[in-house]
Amino acid sequence: MRASNIRKLSLQVAFAILFPVSGNVFAGDSILLQSTTSTANSGLYDHILPVFTEKTGIAVNVVAVGSGQAIRNARNCDADVLLVHAKREENSFMADGMGMRRYDIMHNDFIIVGPYTDPAGINGLRNAKVAFGKIAKSKSLFVSRSDNSGTHIREMQIWAQTEFDPLPDSGNWYLETGSGMGATLNAGIGMEAYVLTDRATWIGYAGKSDYKVMVEGDPEMFNQYGAILVNPEKCPSVNTRGGRKFVEWLVSAEGQNAIAAHKRGGEQFFIPNSREETRSSPDRQSMRTSLSK
C-alpha cells in the first residue's frame, strides 16, 4: 500500500470517530475533507453533512485543523477536498498544481472582541489597523492563536500594516496560545485580553461572559471560505469522483441553502456566495445586513 494511502486510511479511521456522520461511513464511498476549525466548531458539518450523505451515499470524514495545517496535509495527499479560509495560501496551492479548481463557497467576517472595560479604547472602531495600534501602544493584553490558521494569517497581515511588531513582546502583553479558536477565546476571556476571532466561532461560543464585539465592519476583515478539489495528477489516491460530487453539492442551490439555514439565535454563521462575484472589500453595512438575515 502506498504511504499516502496508509496516511489517508489512518486519518479516516481517526476522524470518523471524532466527526461521525449518519450511517456507516465505510458502508459505501467516502471522502476525506481537510477543513479549517471554524466550520467544524460552528456545527456546520453536523448540519449539512447528513443531508449530503443521505442524498449521495458518500460519507465525509472531516479533519478539522488550522487552514495552514489543512493545506499542508493536502500537499501530503492526505485529502480529497480542502475547505479553508486563507486565500493567499489557497492561491499558492493552486499555482503549484495541487488543486484542480477552487470554488468560493461562503463568507463571514473577522471581529475583535474584548472586555467591557476596554483598556485600549477601541470599542466602536471600524478599522482593525487602528485598533491594533491602540492595543500595542497601550500594551493591553492581546491573545493570538499563533498557529498558522486562517485567522492567525489574517491577524499577522493586519499587524504588518501597523508600525508595530508584536512578536518581540510575546509573553508580555502579546500572548500566543498555539491553539484553536475556542481555546484561544477561553484564554483571552480568562485574562481579559483582546482576541481576533471569526464571527462563526463567536456566535457559537458559549462562554462570552462580560465580553463583546469591539471592532467590526473593516473590509480588511472580510473572510472568504473556499473549497478546492485535490489534483489526482499530484495525488493518485484522491477520490476525485466523490470529491467532485461534494463540491458540486456545496455550490448547488441545495448546498447553498443548507449553509444559509445554519443559524443560532437568529444569527447566521456563514453567508453562501458560490454564485456571487467575490467581493474583496464589502462595506460594513453589507456584511452586517447579510449576517443578520
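Data block above holds the structure.
Residues numbered from 1 in each chain as written. Predicted model: local features only at pLDDT ≥ 70, side-chain atom pairs only at ≥ 80, totals over all residues. Heavy atoms only, no water.

### So, helix α4 (residues 67–75)
The α-helix winds at 3.6 residues per turn, so residues separated by three or four positions along the chain end up facing the same way. The condition that has to hold: Each residue gets one of three labels from its accessible area relative to the maximum for its type: buried under 20%, exposed over 50%, partly exposed in between, using a 1.4 Å probe on protein chains only. The numbering of helices and of strands both runs from the N terminus, where a helix is a DSSP run of H or I of at least 4 residues and a strand a run of E of at least 2.
Buried residues of α4: Ser67, Gly68, Ala70, Ile71, Asn73 and Ala74, and no others. Of the residues flanking the end of α4, it is cysteine 77, one or two places downstream, whose phi is positive at about 70°.

### Here we look at the nonpolar core
Under the convention used in this document: Joining through side-chain atoms within 4.5 Å is the link that ties buried Ala, Val, Leu, Ile, Met, Phe, Trp, Tyr and Cys residues into a set, and such a set is a nonpolar core. Here a residue-residue contact requires only that any non-hydrogen atoms of the pair lie within 4.5 Å.
Membership of the largest hydrophobic core comes to 31 residues, with the highest contact counts inside it found for Phe246 and Leu250. Leucine 250 has contacts with Ile48, Leu83, Ile105, Ala227, Gly255, Gln256 and Ile259, leaving out every residue within four places of it along the chain.

### Considering the pairing of strand β1 (residues 30–36)
Put simply, the rule is: If DSSP finds at least two bridges between two strands, the strands pair.
Most of β1 sits inside the fold, with seven of its seven residues counted as buried. Burial of the side chains of β1 extends over both faces: Ser30, Leu32, Gln34 and Thr36 are buried on one face and Ile31, Leu33 and Ser35 on the other. Direction of pairing for β1 relative to strand β2 (residues 59–65): parallel, over a ladder of seven bridges. Residue threonine 36 lies in a different strand from β2, and its bridge partner there is valine 65. Direction of pairing for β1 relative to strand β3 (residues 81–84): parallel, over a ladder of three bridges. Bridging across to β3, leucine 33 finds its partner in valine 81.

### What about the state of the cysteines?
Operational definition: Cysteine sulfur atoms that come within 2.5 Å of each other are treated as a disulfide pair.
Counting across every chain of the model gives one disulfide. In this model cysteine 77 forms its disulfide with cysteine 235; the gap between the sulfur atoms is 2.1 Å. As the torsion about the S-S bond is roughly -75°, the cysteine 77-cysteine 235 disulfide counts as left-handed. Note that cysteine 77 is positioned in the loop between α4 and β3 and cysteine 235 in the loop between β9 (222–230) and α10 (240–251), a separation of 158 residues in sequence. Note on accessibility: cysteine 77 and cysteine 235 belong to one class, buried.

### Some remarks on the packing of aromatic side chains
Inclusion rule: Pairing of aromatic side chains here covers Phe, Tyr and the six-membered ring of Trp, requires ring centres within 6.5 Å, and sorts the geometry by plane angle: under 30 degrees stacked, over 60 edge-to-face, intermediate tilted. Each ring is checked for a lysine NZ or an arginine CZ that lies within 6 Å of its centre and within 35 degrees of its normal; such an atom marks a charge sitting over the ring.
Counted by the stated rule, this structure contains 11 aromatic pairs. Their ring planes at 45° and their centres at 4.4 Å tell us that phenylalanine 132 and tryptophan 159 sit as a pair that is tilted. Taken together, the residues span a long stretch of sequence, with phenylalanine 132 in helix α6 (residues 128–138) and tryptophan 159 in helix α7 (residues 150–160) at a distance of 27 residues. Judged by its relative accessible area of 0%, phenylalanine 132 is buried. On the numbers, 5.9 Å between centres and 5° between planes, the contact of phenylalanine 142 with tyrosine 174 is stacked. Remark: tyrosine 174 occurs in strand β6 (residues 174–176) and phenylalanine 142 occurs in strand β5 (residues 142–144); sequence separation between them is 32 residues. Of the two residues, phenylalanine 142 and tyrosine 174, both sit in the buried class. Connected via pairs of aromatic rings, a cluster forms that spans Phe132, Phe142, Trp159, Trp173 and Tyr174. One Lys or Arg, lysine 208, reaches over the ring of tryptophan 202 and ends 5.0 Å from the middle of that ring.

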